[in-house]
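Observations on the model geometry
Here is how the chains run, residue by residue.
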Amino acid sequence: MERILVSACLLGRPVRYDGAAKRVDDEIVERWRAEGRLVPFCPEVSGGLPVPRPPAEIVGGGGGAAVLDGTATVRTDGGDDVTEPFVRGARLALDAARRAGARIAILKEGSPSCGTIRVYDGRFTGTFVPDQGVTTALLRRAGIRVFSEEQIEAAAAHLRELESPRP
Ligand code: SF4
């Protein structure tokens, strides 16, 4: 059975920077949960950051890939550099996915760790730019297909492909 790495906040765990969860209410996800497929994970908490914590954004452009390459940083709204725990959390997320044998992840859109198609632009003005978070970038480099909570049907279609017997 294919397993799926999922942002812990999407499964109701109160691990976001503001101390809240962002539970996704979706019957496909509920079925996966009942089947025992889901591997909840929060990269930022596993990377060593507390709950609650100051909001952080990727600064310098290029999204999570640039952070991994050392050409961008992650900073809090107070200017503190939190790149190291973000990168550590991404590596631990990849470790967790590998341990579980997960080839699919569903991560929370817009987060500097978990965003899949958009992240904030680093100016703390609430403006998104098209890019990915640090964990998403690392998982994708490792060949894991990353979807967001807005793409669960697409994730389900990919799961069916992975589980359909080859001719
Ligand atoms: Fe959710 Fe990811 Fe942020 Fe953790 S790092 S709270 S899993 S969006």
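Structural notes, computed from the coordinates.

Parameters and conventions
- Residues numbered from 1 in each chain as written.
- Predicted model: local features only at pLDDT ≥ 70, side-chain atom pairs only at ≥ 80, totals over all residues.
- Heavy atoms only, no water.
- Salt bridge = Lys/Arg side-chain N within 4 Å of Asp/Glu carboxyl O.
- Helix = DSSP H or I, 4+ residues; strand = E, 2+ residues; numbered from the N terminus.
- Buried < 20%, exposed > 50% of the residue type's maximum accessible area, 1.4 Å probe, protein only.
- Near = heavy atom within 4 Å.
- 1 Å grid on protein atoms, 1.4 Å probe; cavity = no way out; pocket = protein on both sides within 12 Å on 5 of 7 lines; lining within 4 Å.
- Sits in = over half its atoms within 2 Å of the grid points.
- Nonpolar A, V, L, I, M, F, W, Y, C, P; charged D, E, K, R; others polar.
- Phe/Tyr/Trp six-rings, centres within 6.5 Å; stacked < 30°, edge-to-face > 60°.
- Lys NZ or Arg CZ within 6 Å of the ring centre and 35° of its normal.
- Pairing = 2+ DSSP bridges.
- Axes fitted to C-alpha atoms, helices over the stretch in contact; angles between N-to-C directions.
- Contact = heavy atoms within 4.5 Å.

1. Here we look at the pattern of salt bridges
- If you walk through the whole model with that rule in mind, you get 13 salt bridges.
- Between E150 and R118 there is a salt bridge whose closest N-O contact spans 2.7 Å. Remark: R118 occurs in the loop between β5 (104–107) and β6 (119–120) and E150 occurs in the loop between β8 (145–148) and α6 (152–163); sequence separation between them is 32 residues.
- We classify E150 as partly exposed; its relative accessible area is 48%.
- What emerges from the salt-bridge pattern is a single network uniting R23, E30 and R33.

2. What about helix α5 (residues 134–141)?
- Most of α5 sits out of view: six of its eight residues are buried.
- Looking at α5, one finds that the buried residues are V134, T135, T136, A137, L138 and L139.
- G143, located one to two residues past α5, shows a positive phi value of around 90 degrees.

3. Observations concerning the site of the ligand
- Near the ligand lie 14 residues; those nearest to it are C9, C42, E44, K108 and C114.
- If you map the ligand onto the pockets, it falls in the largest pocket.
- Partitioned by chemical class, the residues of the shell around the ligand number seven nonpolar, three polar and four charged.

4. Some details on the packing of aromatic side chains
- One pass over the structure, following the stated rule, counts one aromatic pair.
- Ring centres 4.2 Å apart and planes at 20 degrees place the aromatic pair Y120 and F128 in the stacked group.
- By relative accessible area, Y120 is classed as partly exposed at 30%.
- Sitting above the plane of the F128 ring, R118 keeps its charged end 5.3 Å from the centroid.

5. Observations regarding the sheet that holds β5
- Taken in spatial order, the four strands of this open sheet run β2-β1-β5-β8, and their pairing is parallel. Strands with a single pairing partner mark the edges of an open sheet, and in this sheet they are β2 (38–41) and β8. Averaged over all pairs of adjacent strands, the angle between their axes in this sheet comes to 25 degrees, without regard to strand direction.
- Both β5 and β8 contribute to a ladder of four bridges, which runs parallel. Each residue of the ladder has a partner; that of I104, found in β8, is R145.
- Packed onto the sheet, α6 meets β1 (4–7), β5 and β8 and runs at close to 170 degrees relative to β5.

The quantities given are spatial measurements derived from coordinates; they are silent on function.
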